Amino acid sequence: CNDPRIPQPLRSYLPKSLEDLNWVCRAEGLEQAGLLSDFAGFDTRLFRLAPGATVPRHTHDGEEATLVLTGGFSDAVGHYVRGDVAIADPSVTHRPVADPGEPCISLAVTTGSLRLPGLMGHLMKPFVKL
């Protein structure tokens, strides 16, 4: 990948451009592309969140580290912009919301699965694959 927004160590794992990835729609305004499937025990994905879009409220069975590559987002813990790393674990329930302006593209590495809490989460689970 020759995109200057992508940190150099990550570029060799990507195709020529971000648009060449196999982006899959997971919810309105939320797309993901899987990466680095060779590393057992970790789920590594790029997320692209449209400006103002939200990720469904969720928590984690394990840990999640998210590096913001473009744009930014806010959640229950704070506000994150390009270069920031957000860390979440089972004690964090959050609903990330992308900043207005440009899409928020982030690299997320998780251990364990994500959980959608509450009745709404239970009802949404068949439709939202995070």
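Novice: Honestly, the overall build of the protein in this entry has me stumped. Any pointers?
Specialist: If you tally the helices and strands in the protein, you get two helices and eleven strands. Counting helices and strands in the order they occur from the N terminus, the protein gives α-β-β-β-β-β-β-β-β-β-β-β-α. A buried classification covers 41% of the 130 residues belonging to the protein. Taking contacts inside the protein between residues at least 6 apart in sequence as the whole, the part at least 24 apart equals 63%. Summed over all atoms, the accessible surface of the protein reaches about 7,200 Å², with 57% contributed by carbon and sulfur.

Novice: How should I be thinking about the sheet that holds strand E6 (residues 72–74) in this particular structure?
Specialist: The strands that make up a sheet are held in pairs by hydrogen bonds between backbone atoms, and each pair lies either parallel or antiparallel. Read across the open sheet, the three strands follow the order E7-E6-E9; overall the sheet is antiparallel. The sheet is open, and its two borders are formed by strand E7 (79–81) and strand E9 (97–98), each paired with just one other strand. Both E6 and E9 contribute to a ladder of two bridges, which runs antiparallel. The partner of Phe-73 across the bridge, within E9, is Ala-98.

Novice: For this particular structure, what's the right way to read the nonpolar core?
Specialist: What tends to happen in soluble globular proteins is that the nonpolar side chains get buried as a cluster. By size, the foremost hydrophobic cluster in this structure holds 13 residues, and its most contacted members are Leu-30, Leu-49, Val-68, Phe-73, Tyr-80 and Cys-104. Of all the secondary structure elements, the ones that give two or more residues to this core are strand E3 (43–49) and strand E10 (104–110). Ile-6, Leu-21, Leu-35 and Leu-69 belong to the second largest nonpolar core, which has twelve residues in total.

Novice: Even after reading the chapter, I still don't get the environment of Leu-14, so can you show me in this structure?
Specialist: Assignment of secondary structure puts Leu-14 in the loop between helix H1 (8–11) and strand E1 (24–27). Residue Leu-14 is classed as buried on the basis of its relative accessible area of 8%. When the C-alpha atoms of Leu-14 and Leu-36 are compared, they prove to be 9.5 Å apart, with 22 residues separating the residues in sequence. Each residue touching Leu-14, except ones within four places of it in the same chain, is listed here: Cys-1, Ile-6, Leu-21, Leu-35 and Leu-46.

Novice: Would you explain the sheet that holds strand E2 (residues 30–35) in this entry?
Specialist: Sheet architecture is open: six strands sit in the order E1-E2-E3-E10-E5-E8, paired in antiparallel fashion. This sheet does not close on itself; its edge strands, each paired only once, are E1 and strand E8 (85–88). Shown here is a sheet whose adjacent strand axes are inclined to one another by a mean of 30°, direction ignored. Pairing geometry for strand E5 (residues 64–70) and E8, over four bridges, is antiparallel. Bridge pairing in E8 links Ala-65 to Ile-87.

Novice: So what exactly am I meant to see when it comes to the environment of Val-24 here?
Specialist: Tracing the sequence through the fold places Val-24 in strand E1. A relative accessible area of 29% places Val-24 in the partly exposed class. Taking C-alpha positions, Val-24 is 9.7 Å from Arg-48, a pair spaced 24 residues apart along the chain. With near-sequence residues (within four places) excluded, Val-24 lies in contact with Leu-30, Glu-31 and Gln-32.

Rules behind the numbers
Residues numbered from 1 in each chain as written. Predicted model: local features only at pLDDT ≥ 70, side-chain atom pairs only at ≥ 80, totals over all residues. Heavy atoms only, no water. Helix = DSSP H or I, 4+ residues; strand = E, 2+ residues; numbered from the N terminus. Buried < 20%, exposed > 50% of the residue type's maximum accessible area, 1.4 Å probe, protein only. Contact = heavy atoms within 4.5 Å. Areas by Shrake-Rupley, 256 points an atom, 1.4 Å probe, with all protein chains shown as cover. Pairing = 2+ DSSP bridges. Core = buried A, V, L, I, M, F, W, Y, C linked by side-chain atoms within 4.5 Å. Axes fitted to C-alpha atoms, helices over the stretch in contact; angles between N-to-C directions.

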